[in-house]
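Structural overview
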Amino acid sequence: MSAPSGSAGSATTVRPRRLLAVTSFAHFMNDGMIFFLPVVSDLLVVGHHDSTATVTAMLTVFYLCSAGVGVLVGLLADRVGRRGPLIALGIATLGVSMFGFDAALTASGAASTALAIAAAVVAGVGSSVYHPLGGSIVQLSFGDGARGKALGVNGAFGSLGRALYPALFFVIAGLGLSKADTALVAGTVALVAAAVIAAGLVSGGADGPRRGTRAGATPRVPLRSLLTRSVVALMGISLVRSLAFIGVVSWIPIYLTSNRHAGVSTMLGVIVTIMYAGGVVGQLVFGLLADRFDKRAVLALDSLGSAGGIAWFLTTSGHGVAATASLCAFGLFTFSGFPLLLSLVSDYVPRSASATGNALVWGVGATGGQALGPLVVSVLMGGQVHHLGGAFGAMAALIALTVLATPLLGRATRSNPVQLFG
């Protein structure tokens, strides 16, 4: 663990851990609300009788906004700092979007469609903030020997949020609230959490280096100079992986409900939660592997494991133990990209451009792929949900093919531990 330069003895050990704790909580909130969207999609189609075109438009707009705004957020953070307030603002914006989804689920017809897409725009803007900035804080707080583990711990909380939110949605609804009004609860909790995160990150010193604001500061790194072969290849791998991952994840609730008769119920929430829960373990495991082995080989293993999980799921039937276990295996590999991708970013991008590098690989790459995934699966299934199984098989093959691109990634050289404040 790297220590802040010139800090007192207690600060050298407490501050990075505090930053990791608060950013992990922010990751939990961020990803929990993001992966609320597939459940909302299922409610719109099955319970609200909206068309699959509405869901496709909503998800595509959400991911496009997240990808586009993410690069701007990364550039801003590397330029002026203020990572803590920006992360809190992103969480609050996601909370506001939940109120929009509540309105969409209570409206009807064209009004419902318009509100769903408007809420998706707001959610996309809010979701663009955490990954480049939260990842940057962790990258700058920990050195080479511990960075993957720290990112894995941080990512595990994101996976925990993804795992709990779908189930909590149905649990809260079971207490007497309508399924639409559970979005109001989620939005209110997000606003409170944003205030807590702002206080924790600002007082914890999360701004990191600011280019050109003090003597000895690292000069500005032009965006074009970051686009090396390794970074461009990593962006491409990230984009294709995410296209296939989210193409499956976004339509899994609808597939389980329509093709395997799980129903819009607590059972559906439990199955989706178990799928996301696999990522809690996966983030930790792959974070540790990233610190100990060639990250390129670990990334290839992760891709093959995800493809295998989809293939296993397609050999099962119904929504019983075998199907649930296969989805858990799929989740273990699929939701482990955060520590792997951002550890590789740290190897290829200067520390003064960490947020921008993260935004390129995670925002443009991963989130750009997420924008395309629901659309590609929608095209492959031709608007007929009974064709989803074939579309999922195509996504598994696409994930496996990304392994062929890993030799384009340069071998990382070990460097001295990064100092966040020195």
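Check the entry above for the structure.
Residues numbered from 1 in each chain as written. Predicted model: local features only at pLDDT ≥ 70, side-chain atom pairs only at ≥ 80, totals over all residues. Heavy atoms only, no water.

1. Observations regarding the side chain of Q139
Along the chain, Q139 turns up in helix α6 (residues 130-141). In this structure the side chain of Q139 is engaged in a polar contact, spanning 3.2 Å, whose partner is the side chain of S346. (Helix = DSSP H or I, 4+ residues; strand = E, 2+ residues; numbered from the N terminus. Polar contact = N/O pair within 3.5 Å; in protein donor to acceptor, adjacent residues only side chain to side chain.)

2. Focus: the packing of aromatic side chains
This model, assessed by the stated rule, comprises 6 aromatic pairs. For the pair F62 and Y63, a centre-to-centre distance of 4.7 Å together with 70° between the ring planes defines the contact as edge-to-face. Ring geometry for F286 and F333: centres 5.8 Å apart, planes at 65°, overall edge-to-face. With F286 in helix α12 (residues 266-292) and F333 in helix α14 (residues 321-334), the pair connects residues that are 47 residues apart, well separated along the chain. One aromatic cluster is present, built from ring pairs that chain together Y255, F313 and F392. (Phe/Tyr/Trp six-rings, centres within 6.5 Å; stacked < 30°, edge-to-face > 60°.)

3. Examining the environment of S41
Position of S41 relative to the elements: it lies in helix α2 (residues 37-47). A residue is classified by how much of its surface remains accessible, and S41, at 0% relative accessible area, is buried. Taking the C-alpha atoms as reference points, S41 and T54, separated by 13 residues in sequence, lie 8.7 Å from one another. Setting aside its immediate chain neighbours within four residues, S41 contacts V55, M58, L59 and I254. (Buried < 20%, exposed > 50% of the residue type's maximum accessible area, 1.4 Å probe, protein only. Contact = heavy atoms within 4.5 Å.)

4. Some points on the packing of helix α15 (residues 337-348) against helix α16 (residues 354-381)
Between α15 and α16, whose axes approach to 10 Å, the crossing angle comes to 135°. Put simply, α15 runs oblique to α16. Crossing of α15 against α16: the hand is right-handed. Residues G337, F338, L341, L342 and V345 of α15 pack against G357, N358, V361 and W362 of α16. Considered class by class, the residues forming the contact of α15 with α16 number 6 nonpolar, 3 polar and no charged. (Axes fitted to C-alpha atoms, helices over the stretch in contact; angles between N-to-C directions. Parallel < 35°, antiparallel > 145°, perpendicular 65-115°, else oblique. Left-handed = near helix turned anticlockwise from the far one by under 90°. Nonpolar A, V, L, I, M, F, W, Y, C, P; charged D, E, K, R; others polar.)

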